[in-house]
Amino acid sequence: IGDSVPPMIIENDVRTGVIASILSNLDEIKNKGELPLLYAAMGTGFGAELVVPTPNGWKVYQKQGGGNLEIGHKHLSGKAIDQSTIKCGCGNINCVETWVGGTHLKKRYGESPEFATEDTKRAVAYNLRKAFSMVGKEYSPKLIVLGGGIAFSWGKEFVERVVGYMREYYHRIHQEPPILYLSRLGKDTQLFGAWATAMREKTGSWPDLSFAVKNQY
């Protein structure tokens, strides 16, 4: 094939989600001091990535040695109909993903995501708050952007429930909770981030994604 093959970039979808989240509202986020920013994707699984401030702007956080955040695979003691041990695809047991990821909802709560009752959504929201609290203790995000198929399917009411649990928790520990809202780029958040990554590779600079903002929460 030779020179006819275009350059190719392989990137994690949650990483492109956090890139899109910062680029969609960069000036406001920086002016309000809303970094670090956490993007969390709640779909068949659960993953999150973090943007942190740097002297020259921002960067996607990586652990020493190049590892990702991997909060979906941290152990969590949640609450659900089924409190038994569930083995995650990563090999660990009772990861965050087994409490809030779509693949495990049927076993954990007795209902698949598309047929989830308000009781199930309430329990998932509580467990999601616990996961965000764990991240808060270690990384102190100022802003959390929630995306992924289940988050958008369950919508604003579900997000407001998570926000309520966050406020209760942070009030108990006498701290200000992070801002939390659904991604303003909608279901295409990660695709916009992939496009932005390609544009940076081509032009040498990140594009402004404010044109793509769909919703204000």
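Residues numbered from 1 in each chain as written. Predicted model: local features only at pLDDT ≥ 70, side-chain atom pairs only at ≥ 80, totals over all residues. Heavy atoms only, no water.

Would you mind going over the environment of Ala48 with me for this structure?
Within the element layout of this structure, Ala48 appears in strand S2 (residues 46-54). For Ala48, a relative accessible area of 5% corresponds to the buried category. Considered as a pair, Ala48 and Gly72 are 24 residues apart in the sequence and their alpha carbons are 7.2 Å apart. If sequence neighbours within four positions are ignored, Ala48 has contacts with Val14, Leu38, Tyr39, Ala40, Leu69, Glu70 and Ile71. (Helix = DSSP H or I, 4+ residues; strand = E, 2+ residues; numbered from the N terminus. Buried < 20%, exposed > 50% of the residue type's maximum accessible area, 1.4 Å probe, protein only. Contact = heavy atoms within 4.5 Å.)

Where do I start with the packing of helix H5 (residues 118-139) against helix H6 (residues 149-172) in this structure?
To characterise two packed helices, one gives the angle between the axes of the helices and the distance between these axes. Look at H5 against H6: their axes get within 9 Å of each other, and the N-to-C directions meet at 50 degrees. In terms of axis orientation, H5 runs oblique to H6. The chirality of how H5 crosses H6 is right-handed. When H5 is examined against H6, the residues Glu118, Lys121, Arg122, Val124, Ala125, Tyr126, Leu128, Arg129, Phe132, Ser133, Gly136 and Lys137 are found in contact with a partner set consisting of Trp154, Glu157, Phe158, Arg161, Val162, Tyr165, Met166, Tyr169, Tyr170 and Arg172. Grouping the constituent residues of the contact of H5 with H6 by class yields 12 nonpolar, 2 polar and 8 charged. (Axes fitted to C-alpha atoms, helices over the stretch in contact; angles between N-to-C directions. Parallel < 35°, antiparallel > 145°, perpendicular 65-115°, else oblique. Left-handed = near helix turned anticlockwise from the far one by under 90°. Nonpolar A, V, L, I, M, F, W, Y, C, P; charged D, E, K, R; others polar.)

Before we go on, may I ask you to explain the packing of aromatic side chains in this structure?
Any aromatic ring pair is given by two values, namely how distant the centres are and how the planes are angled relative to each other. On inspection of all chains with the given rule, the structure shows 7 aromatic pairs. For the pair Trp58 and Trp206, a centre-to-centre distance of 5.4 Å together with 35 degrees between the ring planes defines the contact as tilted. On the criterion of sequence distance, the pair formed by Trp58 in strand S3 (residues 57-60) and Trp206 in the segment after helix H7 (189-203) is long-range, its members being 148 residues apart. Taking the relative accessible area as the measure of exposure, Trp58 reaches 16% and is therefore buried. Seen in terms of ring centroids, Tyr169 and Tyr170 are 5.2 Å apart; in terms of plane orientation they differ by 90 degrees. Their pairing is edge-to-face. On the basis of relative accessible area, Tyr170 is assigned to the buried category, the value being 6%. (Phe/Tyr/Trp six-rings, centres within 6.5 Å; stacked < 30°, edge-to-face > 60°.)

What is shown is where atoms sit, not what they do.
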